[in-house]
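# Geometric and topological summary
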Amino acid sequence: MEMNVSKNDEQVVARKQGGLNPGLIIPILLVIGVCIYLFVLGNPGNFKADPRLTGGSVYFSGVPDKELHPESFMGIIYMGGPIVPILITFMITVIVFSFERFFVLRKASGAGNLDNFVLKIRSLLNQNKVDEALEECDRQQGSVGNVVKEGLTTYKALANDTTLNKEQKMVALNKAIEEATTLEMPMLEKNMMILSTLGTVATLVALLGTVIGMIKAFFALGSGGGTPDAAALSIGISEALINTALGIGTSAIAIILYNFFTSKIDGLTYKIDEIAMSIQQSFAEFH
């Protein structure tokens, strides 16, 4: 029993360590997002001089916001203000962790067609060919195969156990499959919360940028007296709309990808439950 406990603990640690570490990756992505804002979007080549205007304040990258005006779409995004690098970081984070989830879930699906694997295991169990089913699990090399292998290993051990009655064996078999499934789930669900959170937070942060832009627009409208500063008014409104667009786009992508990966995880879980039921039925029939 001690060896089994130690093995289970090692499996839990391995699954918790699988995938990217958000505490390390997100700060790096924040630095990348700020650099994109300052040096890519804020590149002077994205702006053109307006001879009618002089002076004005200076942004982080050294581009005067009233003396120069955007000449490209990247320059327009840059004019969204200090909330933009945060939204860019959100977008990059969604992309990075989506790729990470894609490859993790692809690996968890194992080699070959998962539906064919399920049908093969069920067919072998109907013939009480447990050893052949274990060989199929070794070839599958995925989360479903890992759970099924654990269940079949327990199946063989209980088949030769003379100390338990049939009802107790069924309970032990069901418990072994549930524990194996529980060990696999952390790897499948890790970092999914990041996509879920950004699906909501990106919209709220964009709303903050929108409000700041509108405050600037109305300030320009009120401070001009009878002749409001049209340039400052348009800059404030454009800043609000840029933040809105970035936030909505990031949120939409995060929600779509979160639902996509959730459906993949549910599909794997369904396959596990399907085979688990077959294992229990086979054990009840032959033992």
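## Observations regarding unusual backbone geometry
Positive phi values are uncommon outside glycine, yet N128 reaches one of about 60 degrees. As for its position among the elements, N128 is in the loop between helix 5 (114–126) and helix 6 (130–140). With relative accessibility at 30%, the residue N128 sits in the partly exposed group. The phi torsion at N191 lies on the positive side, around 70 degrees, for a residue other than glycine. Along the chain, N191 falls in the loop between helix 8 (166–189) and helix 9 (192–223). For N191, a relative accessible area of 8% translates into the label buried.

## Points about the environment of G145
Summarising the element assignment, G145 is placed in helix 7 (residues 143–159). Beyond its immediate chain neighbours, meaning those up to four positions away, G145 contacts F117, C137 and Q140.

## Notes on the pattern of salt bridges
Under the defined criterion, the tally for this structure stands at eight salt bridges. One salt bridge connects R101 with E100, and the closest N-O pair in it is separated by 2.8 Å. Each member of the pair, R101 as well as E100, carries the same accessibility label: buried. A salt bridge links K156 to D131; the nearest nitrogen and oxygen atoms lie 2.7 Å apart. With K156 in helix 7 and D131 in helix 6, this residue pair connects regions lying 25 residues apart in the sequence. In this structure K156 comes out as partly exposed when scored by relative accessible area, which is 35%.

## Considerations on the packing of helix 4 (residues 84–109) against helix 9
Between helix 4 and helix 9, the shortest axis-to-axis distance is 10 Å and the interhelical angle comes to 160 degrees. When the interaxial angle is binned, helix 4 and helix 9 end up roughly antiparallel. Crossing hand, helix 4 versus helix 9: left-handed. Residue-level contacts link I86, L87, F90, T93, V94, F97, S98 and R101 of helix 4 to M192, I194, L195, L198, V201, A202, V205 and A206 of helix 9.

## Here's the deal with the packing of aromatic side chains
Geometry of an aromatic ring pair is reported as the spacing of the ring centres plus the angle between the planes. Counting across every chain of the model gives five aromatic pairs. Seen in terms of ring centroids, Y37 and Y78 are 4.7 Å apart; in terms of plane orientation they differ by 20 degrees. Their pairing is stacked. Within this pair, whereas Y37 is found in helix 2 (residues 22–41), its partner Y78 is found in helix 3 (residues 73–78), the two being separated by 41 residues in sequence. Accessibility classification places Y37 together with Y78 in one group, the buried group. Considering the side-chain rings of Y155 and F283, the 5.2 Å spacing of their centres and the 85 degrees angle between planes classify their relative orientation as edge-to-face. Note that Y155 is positioned in helix 7 and F283 in helix 10 (residues 230–286), a separation of 128 residues in sequence. Of the residues examined, F283 reaches a relative accessible area of 0% and is grouped as buried. Site record: aromatic cluster; members linked through ring pairs are Y37, F47 and Y78.

## What to know about the packing of helix 6 against helix 7
Packing of helix 6 against helix 7 brings their axes to within 8 Å, and their N-to-C directions diverge by 155 degrees. In terms of axis orientation, helix 6 runs roughly antiparallel to helix 7. Note on packing geometry: the crossing formed by helix 6 with helix 7 is left-handed. Contacts between helix 6 and helix 7 pair V130, D131, A133, L134, C137, D138 and Q140 from the former with S143, V144, G145, V148, K149, L152, T153, Y155 and K156 from the latter. For the contact of helix 6 with helix 7, the residue count by class is eight nonpolar, four polar and four charged.

## Things to note about the confidence of the model for the protein chain
Across the protein chain, the average pLDDT comes to 83, with 84% of residues at or above 70. Between residues 1–14, whose pLDDT stays under 50, and residues either more than four places distant or in other chains, the model counts three contacts. Taken as a whole, residues 52–66 scores under 50 in pLDDT and shows 29 contacts with residues more than four places along the chain or in a different chain.

## Examining the side chain of N46
Within the secondary structure layout, N46 lies in the loop between helix 2 and strand 1 (47–49). There is a polar contact of 2.8 Å between the side chain of N46 and the backbone oxygen of V40. In terms of polar contacts, N46 uses its side chain to reach the backbone carbonyl oxygen of L41, at 3.1 Å. When sequence neighbours within four positions are dropped, the list of residues in contact with N46 reads V40, L41, H69, P70, E71, S72, M74 and G75.

Conventions we followed
- Residues numbered from 1 in each chain as written.
- Predicted model: local features only at pLDDT ≥ 70, side-chain atom pairs only at ≥ 80, totals over all residues.
- Heavy atoms only, no water.
- Helix = DSSP H or I, 4+ residues; strand = E, 2+ residues; numbered from the N terminus.
- Buried < 20%, exposed > 50% of the residue type's maximum accessible area, 1.4 Å probe, protein only.
- Contact = heavy atoms within 4.5 Å.
- Salt bridge = Lys/Arg side-chain N within 4 Å of Asp/Glu carboxyl O.
- Axes fitted to C-alpha atoms, helices over the stretch in contact; angles between N-to-C directions.
- Parallel < 35°, antiparallel > 145°, perpendicular 65-115°, else oblique.
- Left-handed = near helix turned anticlockwise from the far one by under 90°.
- Phe/Tyr/Trp six-rings, centres within 6.5 Å; stacked < 30°, edge-to-face > 60°.
- Nonpolar A, V, L, I, M, F, W, Y, C, P; charged D, E, K, R; others polar.
- pLDDT = per-residue confidence, 0-100.
- Polar contact = N/O pair within 3.5 Å; in protein donor to acceptor, adjacent residues only side chain to side chain.

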